[in-house]
Amino acid sequence: MSIPINKSITWVGKVDWELRHFHGEEYSTHRGSSYNSYLVRDEKTVLIETVWTPFAKEFVHNLQQEIDLKKIDYIIANHGESDHSGALPELMRLIPDTPIFCTANAVKSLKGHYHQEWNFRVVKNGDRLKIGSKELIFIEAPMLHWPDSMFCYLTGDNTLFSSDAFGQHYATERLFNDLVDQAELFQECIKYYANILTPFSTLVDRKIKEFVGLNLPLDMICTSHGVVWRDNPLQIVTKYLEWAASYQENQITIIYDSMWDGTRKMAEAIARGFSGVDSEVVIKIFNASRADKNDIITEVFKSKMILAGSPTVNRGILSAMAAILEEIRGLGFKNKKAAAFGAYGWSGESVKVLTERLKEGGFTIVNDGLKLLWNPDGQGLDDCIAFGAELAHVSKLP
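The sections below set out a description of the structure shown in this document. Just so it is clear, the structure is predicted and the values come from calculations on it, not from any experiment.

### Quick notes on the overall build of the chain
Now for step 1: Helix and strand counts for the chain come out as 12 helices and 23 strands.
Now for step 2: Sorting the 398 residues of the chain into buried and exposed places 57% on the buried side.
Now for step 3: Placing the 42 positive and 51 negative side-chain charges of the chain at their respective mean positions leaves the two points 2 Å apart.

### Some thoughts on the sheet that holds strand E1 (residues 3-4)
Now for step 1: The seven strands are arranged E1-E2-E7-E8-E9-E10-E11 in an open sheet whose pairing can be described as mixed. Two strands in the sheet have a free side with no partner beyond their single neighbour: E1 and strand E11 (120-122).
Now for step 2: Bridging between strand E2 (residues 9-11) and strand E7 (residues 38-41) involves three bridges; their strand directions are antiparallel. Bridged to Thr10 within E7 is Leu39.
Now for step 3: Strand contacts of helix H1 (residues 56-66): E2, E7 and strand E8 (45-48), with the helix running at about 25 degrees to E7, the strand carrying the most contacts.
Now for step 4: Along the sheet face, helix H4 (residues 104-114) touches strand E10 (100-102) and E11 and points at about 150 degrees away from the line of E11.

### Details of the layout of surface pockets
Now for step 1: Estimates place the volume of the largest pocket at around 380 Å³.
Now for step 2: In terms of lining residues, the largest pocket is bounded by 18 residues, among which Met259, Pro311, Thr312, Tyr344 and Gly345 are the most central.
Now for step 3: Of all the secondary-structure elements, those providing two or more residues to the lining of the largest pocket are helix H8 (262-277) and strand E21 (337-344).
Now for step 4: Its residues placed into classes, the lining of the largest pocket shows eight nonpolar, eight polar and two charged.

### Some details on H1
Think of an α-helix as turning once every 3.6 residues; residues three or four places apart then point the same way.
Now for step 1: Residues Ala56, Phe59, Val60 and Leu63 constitute the buried set of H1. Burial along H1 is one-sided: seen end-on, the buried residues are contained in an arc of 95 degrees. Facing away from the buried side of H1 by more than 90 degrees, the exposed set consists of Lys57 and Gln65.
Now for step 2: Considering only its buried residues, H1 is in contact with E7, E8 and helix H3 (88-92).

### Comments concerning unusual backbone geometry
Backbone geometry follows two general trends: most residues other than glycine have a negative phi, and most peptide bonds adopt the trans configuration.
Now for step 1: Of the consecutive residues Leu144 and His145, the connecting peptide bond is found in the cis state with omega at 5 degrees.
Now for step 2: Here His145 lies in the loop between strand E13 (135-140) and strand E14 (150-154).
Now for step 3: Positive phi, close to 55 degrees, is recorded for His115, a residue that is not glycine.
Now for step 4: Along the chain, His115 falls in the loop between H4 and E11.
Now for step 5: Overall, the relative accessible area of 64% leaves His115 in the exposed class.
Now for step 6: Although it is not a glycine, Phe166 sits at a positive phi angle of roughly 70 degrees.
Now for step 7: On the secondary structure map, Phe166 appears in the loop between strand E15 (159-161) and helix H5 (182-197).

Calculation rules
Residues numbered from 1 in each chain as written. Predicted model: local features only at pLDDT ≥ 70, side-chain atom pairs only at ≥ 80, totals over all residues. Heavy atoms only, no water. Helix = DSSP H or I, 4+ residues; strand = E, 2+ residues; numbered from the N terminus. Buried < 20%, exposed > 50% of the residue type's maximum accessible area, 1.4 Å probe, protein only. Lys, Arg positive; Asp, Glu negative; His and termini not counted. Charge placed at Lys NZ, Arg CZ, Asp CG, Glu CD. Pairing = 2+ DSSP bridges. Contact = heavy atoms within 4.5 Å. Axes fitted to C-alpha atoms, helices over the stretch in contact; angles between N-to-C directions. 1 Å grid on protein atoms, 1.4 Å probe; cavity = no way out; pocket = protein on both sides within 12 Å on 5 of 7 lines; lining within 4 Å. Points joined across faces, edges and corners; volume = space filled by probe spheres on them. Nonpolar A, V, L, I, M, F, W, Y, C, P; charged D, E, K, R; others polar. Arc of directions from axis to C-beta.

Written out as structure tokens, the structure reads:
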């Protein structure tokens, strides 16, 4: 299947309706995904990216229905990860001498993946490739989100091929941003940013401002996953600048796991204490052993404060809480407060362990936390409500 984007650009990618996990089991894709590949036709014909390895044969077959492969003059590899480059071995078997334009780091990653000596042409930031009446301008974007990443910009059509930036894991038969459900679209956009791009926010901000400084007109953004931004493409650029700036909303997220419901009861009582003081704050509660971890991380990204709860198990915390806090630590969230809580029966170390994990994750710890012996009763639940009320006041402080 191919979809015309305009007179010179055609989408030749693959929509993956069945995908439910990406990067192994690291990222949940409730709404599937797409692997976007584009043909650009001028005096020269350019293929920008391919698709994920499992769809390589299908991709090449479909591409052959669209164009004689020998008429592809150049291939652009914006990124070496196999969801972008996975069809290259199958394609290059048929057109082995076709030049592949990519960064020096992409040569390393592509050779590392496929162990092939293809006709690589290394490009640097600002290099141009004339393809007729138009040019492709290459813009290196290291660590957005791999060292090998780059964008390319098509003059004349004023189109940015942005690789992973501005994309989302979202399967749809409607390719363009103005044709899909906007709530679904932006839910997937913020999830993608929170879980994948957060650690690189400083670089996101810098690269966007660098691109804006080039004063190149922008009519369209063609991403590697999800929709093509043709209606007001700057709206997603503006969102990225917001998200890169230590983003937070008026939200509190409570994450816990519980063995015999004591810590669950604490979480719910703490939430009541919060809402009793601040009726406008959004409170979301997640059981870490049952909720999707990427959905939790998205809510943490949106929050100004998080609370982490676990009972004490073997002088530590439950494994689901250990896992989610390790994920959060790696993302390096900024400008967020935190506190810990938990029930215990014997030694009661969980609150201290949670507090240390939160501190390692870059959170500002607001107090020593709350721990209660056994299953909290009326007085214990009152203490939780008071704890939540106290934190509600703290959350409003700068």
